[in-house]
Amino acid sequence: MSVTGRARRAVTAALALAVTAPMLSGCFEEPSAHDAVRDFLVGWQTGDYAMAARRTDGDEGKVRQALEDVRIQLDAASFRFGLKGVRRTGDEAEATFEAEVDLGENNPLWEYDGRLPLRLVDGRWKVRWSPAVLHPELREGQRFAVDTDPEDRQPIVDRNNDPLQQPANLHVASVTPARLQDAAGLCERLAAVTGFPQDRLLSRIRSAPPSEELPLVTFGRLRFAQLRSKLEAIEGLKFSVREASVAPDAPTQIVGTVTAVTPETEQQLGGPQRAGDTVGRSGLQKAYQEHLTGSTETSVITVDLKTLEPVTELAKWRPGRTASPVRTTLDRKTQAAADSALAATGPGMLVAVQGSTGEVLAVGGTKDYHQEKHAFAGEFPAGTAFSVMAVEGLLKSRVDLEQKLDCPAERTVGGIRFRQAGASAGGTPTIQASFAGGCVTALASLARRVDGTALTAAAAKFGIGVPWTLPLKSFSGKVQPLKNDAATARALAGQNVSVSPLSMALVAGAMASGTWHPPILVKEPATQDPSDEAEAPRQVSPIDLDEETTAALRSLMRAGVTSGSARAAAAPGDPVHGITAAASADDKPLSWFVGWQGDVAVAALVESPDSTAGAVAAGRFFRNLRAGM
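Owing to the predicted nature of the structure, the values given are computational and were not obtained by experimental measurement.

### Brief notes about the state of the cysteines
Move 1: One pass over the full model with this rule turns up one disulfide.
Move 2: Paired through a disulfide, cysteine 407 and cysteine 439 show a sulfur-sulfur distance of 2.0 Å. Here the disulfide of cysteine 407 and cysteine 439 is right-handed, its torsion about the S-S bond being about 105 degrees. Of this pair, cysteine 407 sits in the loop between α14 (391–396) and β18 (410–413) while cysteine 439 sits in the loop between α15 (431–437) and α16 (440–444), placing them 32 residues apart in sequence.

Structure, rendered in structure tokens:
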């Protein structure tokens, strides 16, 4: 179990006391007023209220109770005092001190200056007791209270500032402290039903303004339905419904889910959250929890004990930072086009990025594939789609892409047998046609013309294996060591190369724009950590591709749609470029499409024995996008 902010501060205060108490006792000497000041402040600070009360001229029982009430009314984790000075005038004296009150739960430290009037009583110095001893502005018939005003959770928005959440109802259980007949009993029953610590619930009630409604616990729809009968049986609880934009919109697994704070998350957060706040459980909602929520305005006030109305505001803290929206690069229309395209296919994923920037536009996935775990961070064989990265090496080796190259049904390279499935097997197409048609046997034979080290280096220019940074889990790809022709041939066939749909969408974007760009998902804020000291993560620099290579790749990719196996990706508008590739993982046949239209680059991966299924999904996507979906 992690140590909460309250516990950490209490430990710190206790350690400080070990220094403070000897310091105070060391500088006081009778018959001056110093001993009385020391005993009173040390007793108050350590919770020895009896010692403190004995050094006053008030009723000891009432003084002890008043000091205990201050701790309860402020819900204070600790008090610390520092003596500023003592001035004597005849039989009277006045001590001035600095007070530092830890309001707990990561609320601010309240610092103020206090005064202790003293007088000689039978030869002993006594603190002249009144409420003003506790604070100069506290009067008879008044008490302290802590008022909090938490800021609403901020939204996650797309590139056009459209929210990526839908409204959902939250159920709030509240109390009005002054109307409770048995606050301790209510908290005992509420703790038994919800699991929240009884002492913390009671402390919140006792420190709150007594006449104001105090939210204690917030529930989601299902949790409230489960507990409703037990909750409604607790006398003194009131219930209301609050609408909050917390239900994730597409892409739901990237945006993430939000729930009310639970006893478990309250322990884990150790931050400014109270029961009733919301907490991100997954996706960007979890990654940016500290930005999206947690800002609370806090004030210490005095309250009239007869009217229960606020009297004086003693201190007020506005958050040093305010909660802020998370602005993503996602685009709702592009996302809708991706989701609609996948709805008509088998299990699969589609990632779309802006080729000229690397900004993620859409992340689609059917129920069989998770948008973060698979579309972003999945490790899938690349198939012959990886062969595009060999083009630079072929051009440097003066290989003519119009050269004829057999596409037999089977071929052995370096002792490894490769098989070409489908109608494209056989014949003598050009190298360009083999790329466009994804002929495994023809592409594997190029291993003797491409150096393995050069192929690995070329892959890095397309971002494969580059350590980029995203706020969510992702996989940039990996090429196994290419130590011989067999390993290189397998790489050209994509058999020993692992990639994610995100990494291949970025490959397509690099071919479209001539520059590989690292992925960008969030534009603001710059860091996940909202503290002033936090530094933005180091970004990977874009990588410019060779112009000759880029021109050749664009020609190859266009041929994949006009005359190759990616014909199904054709769509009205700007020319569609792309290729298909077949692969398999966990005995499941997979179909890739990697390509682009205009500035929108796409990688689609569909679970299907039809090697063109990825192109079919991409074609639907491009047509949906043009239709303005």
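### Some points on the pairing of strand β25 (residues 576–585)
Move 1: Taking burial as the measure, the 10 residues of β25 include eight buried ones, the bulk of the element.
Move 2: Looking at chain direction, β25 and strand β26 (residues 588–597) are connected through 10 bridges and run antiparallel. Bridge pairing in β26 places isoleucine 579 opposite valine 594.
Move 3: Hairpin geometry of β25 and β26 is characterised by an intervening segment of two residues between the two adjacent antiparallel strands and by a positive phi of about 55 degrees at aspartate 586.

### Structural notes on the pairing of strand β8 (residues 214–219)
Remember that side chains alternate between the two faces of the sheet whenever the strand is regular.
Move 1: By the criterion of burial, β8 is predominantly enclosed, with five of the six residues buried.
Move 2: When strand β7 (residues 165–175) meets β8, the two strands line up antiparallel, connected through five bridges. Residue pairing in the sheet places valine 172 in a bridge with threonine 218 of β8.

### A look at the sheet that holds strand β14 (residues 326–328)
Move 1: The strand order across the open sheet built from three strands is β6-β14-β23, with neighbouring strands paired in mixed fashion. The strands lining the two open edges of the sheet, one partner per strand, are β6 (156–157) and β23 (522–524).
Move 2: Sheet analysis places β14 next to β23, joined by two bridges and oriented antiparallel. The residue bridging threonine 328 from the neighbouring strand is valine 522, located in β23.

### Some points on the environment of proline 471
Move 1: In this fold, proline 471 is placed in the loop between α17 (452–461) and β20 (478–479).
Move 2: Judged by its relative accessible area of 19%, proline 471 is buried.
Move 3: On a C-alpha basis, the gap between proline 471 and valine 522 in space is 7.9 Å, while along the polypeptide they are 51 residues apart.
Move 4: Non-local contacts of proline 471, meaning those with residues more than four positions away in its chain, are made with Leu284, Ala287, Tyr288, Leu521, Val522 and Gln528.

### Describing α17
Move 1: For α17, the set of buried residues is Gly452, Leu455, Ala458 and Ala459. Angular distribution of buried residues about the axis of α17 spans 115 degrees; they occupy a single face of the element.
Move 2: Looking at the buried positions of α17, the neighbouring elements they touch are β20 and α18 (485–492).
Move 3: The backbone nitrogen of threonine 453 has a side-chain oxygen 3.1 Å away, supplied by the residue at the start of α17, namely aspartate 451.
Move 4: Phi for glycine 463, located one or two positions after α17, is positive at around 85 degrees.

### Overview of the nonpolar core
Move 1: Judged by nonpolar contacts, the single largest core of 90 residues is most densely connected at Phe386, Met389, Leu502, Met504, Met511, Leu521 and Trp592.
Move 2: It is helix α19 (residues 501–513) that provides the largest number of residues to this core, a total of nine residues.
Move 3: Aside from chain neighbours lying at most four places away, what touches phenylalanine 386 is Leu455, Ala459, Val479, Ala491, Gly494 and Val497.
Move 4: Judged by nonpolar contacts, the second largest core, of 37 residues, contains Ala36, Phe40, Leu138 and Ala315.

### Side note on the environment of glycine 628
Move 1: Of note, glycine 628 is situated in the segment after α21 (613–626).
Move 2: Glycine 628 sits 292 residues away from alanine 336 along the chain, and the two C-alpha atoms are 9.4 Å apart.

### Observations concerning unusual backbone geometry
Move 1: Cis geometry is adopted by the peptide bond preceding proline 251, which originates at alanine 250 and carries an omega value of 0 degrees.
Move 2: For the bond running from glutamate 524 to proline 525, omega is 0 degrees, close enough to zero to count as cis.
Move 3: On the secondary structure map, proline 525 appears in the loop between β23 and β24 (543–544).
Move 4: One non-glycine residue, aspartate 75, lies in the positive phi region at around 50 degrees.
Move 5: Mapped onto the fold, aspartate 75 is located in the loop between α4 (60–74) and β1 (78–89).
Move 6: Note on aspartate 75: relative accessible area 8%, which makes it buried.
Move 7: With a phi close to 65 degrees, aspartate 587 is a non-glycine residue in the positive phi region.
Move 8: Within the secondary structure layout, aspartate 587 lies in the loop between β25 and β26.
Move 9: A relative accessible area of 81% places aspartate 587 in the exposed class.

### Overview of the layout of surface pockets
Move 1: The volume enclosed by the second largest pocket comes to roughly 610 Å³.
Move 2: As for the second largest pocket, its lining consists of 32 residues, and the residues nearest its centre are Ala421, Val440, Ala582, Ala583 and Ser611.
Move 3: Mapped by element, the contributors of at least two residues to the lining of the second largest pocket are β19 (416–419), β25 and β26.
Move 4: For the lining of the second largest pocket, the element with the highest residue contribution is β25, accounting for five residues.

### Some remarks on the pattern of salt bridges
Move 1: Applying the stated criterion to the full structure yields 20 salt bridges.
Move 2: Between aspartate 249 and arginine 332 there is a salt bridge, and its shortest N-O distance comes to 3.0 Å. In this pair, aspartate 249 is assigned in the loop between β9 (238–248) and α8 (252–255) and arginine 332 in helix α12 (residues 332–343), connecting sequence segments 83 residues apart.
Move 3: Under the relative-accessibility criterion, arginine 332 is labelled partly exposed at 31%.
Move 4: With a shortest N-O distance of 3.5 Å, lysine 316 and glutamate 297 are connected by a salt bridge. Remark: glutamate 297 occurs in strand β12 (residues 296–304) and lysine 316 occurs in strand β13 (residues 310–317); sequence separation between them is 19 residues.
Move 5: Residue classification places lysine 316 among the partly exposed positions, given a relative accessible area of 38%.
Move 6: By sharing partners, the salt bridges in this structure join Asp35, Arg38, Asp39 and Arg55 into a single network.

### Overview of the packing of helix α5 (residues 183–194) against helix α7 (residues 221–232)
Move 1: Packing of α5 against α7 brings their axes to within 10 Å, and their N-to-C directions diverge by 145 degrees. Classified by chirality, the crossing of α7 by α5 is right-handed. Mapping the contact onto sequence places Leu190, Val193 and Thr194 in α5 and Arg223, Leu227, Lys230 and Leu231 in α7.
Move 2: Along the lines of polarity and charge, the residues of the contact of α5 with α7 split into four nonpolar, one polar and two charged.

### Regarding the sheet that holds β7
Move 1: The strand order across the open sheet formed by three strands is β8-β7-β9, and the pairing between neighbours is antiparallel. Whereas interior strands pair on both sides, the edge strands pair on one side only; in this sheet they are β8 and β9. Taking the axes of each pair of neighbouring strands and ignoring which way they run, one obtains an average angle of 35 degrees across the sheet.
Move 2: Taken together, the 10 bridges between β7 and β9 define a ladder with antiparallel strand orientation. Each bridged residue has a counterpart across the sheet, and for glutamine 166 the counterpart in β9 is alanine 247.

Rules behind the numbers
- Residues numbered from 1 in each chain as written.
- Predicted model: local features only at pLDDT ≥ 70, side-chain atom pairs only at ≥ 80, totals over all residues.
- Heavy atoms only, no water.
- Disulfide = S-S within 2.5 Å.
- Helix = DSSP H or I, 4+ residues; strand = E, 2+ residues; numbered from the N terminus.
- Buried < 20%, exposed > 50% of the residue type's maximum accessible area, 1.4 Å probe, protein only.
- Pairing = 2+ DSSP bridges.
- Contact = heavy atoms within 4.5 Å.
- Arc of directions from axis to C-beta.
- Polar contact = N/O pair within 3.5 Å; in protein donor to acceptor, adjacent residues only side chain to side chain.
- Core = buried A, V, L, I, M, F, W, Y, C linked by side-chain atoms within 4.5 Å.
- 1 Å grid on protein atoms, 1.4 Å probe; cavity = no way out; pocket = protein on both sides within 12 Å on 5 of 7 lines; lining within 4 Å.
- Points joined across faces, edges and corners; volume = space filled by probe spheres on them.
- Salt bridge = Lys/Arg side-chain N within 4 Å of Asp/Glu carboxyl O.
- Axes fitted to C-alpha atoms, helices over the stretch in contact; angles between N-to-C directions.
- Left-handed = near helix turned anticlockwise from the far one by under 90°.
- Nonpolar A, V, L, I, M, F, W, Y, C, P; charged D, E, K, R; others polar.

Don't take any of this as a statement about function, it's just geometry.
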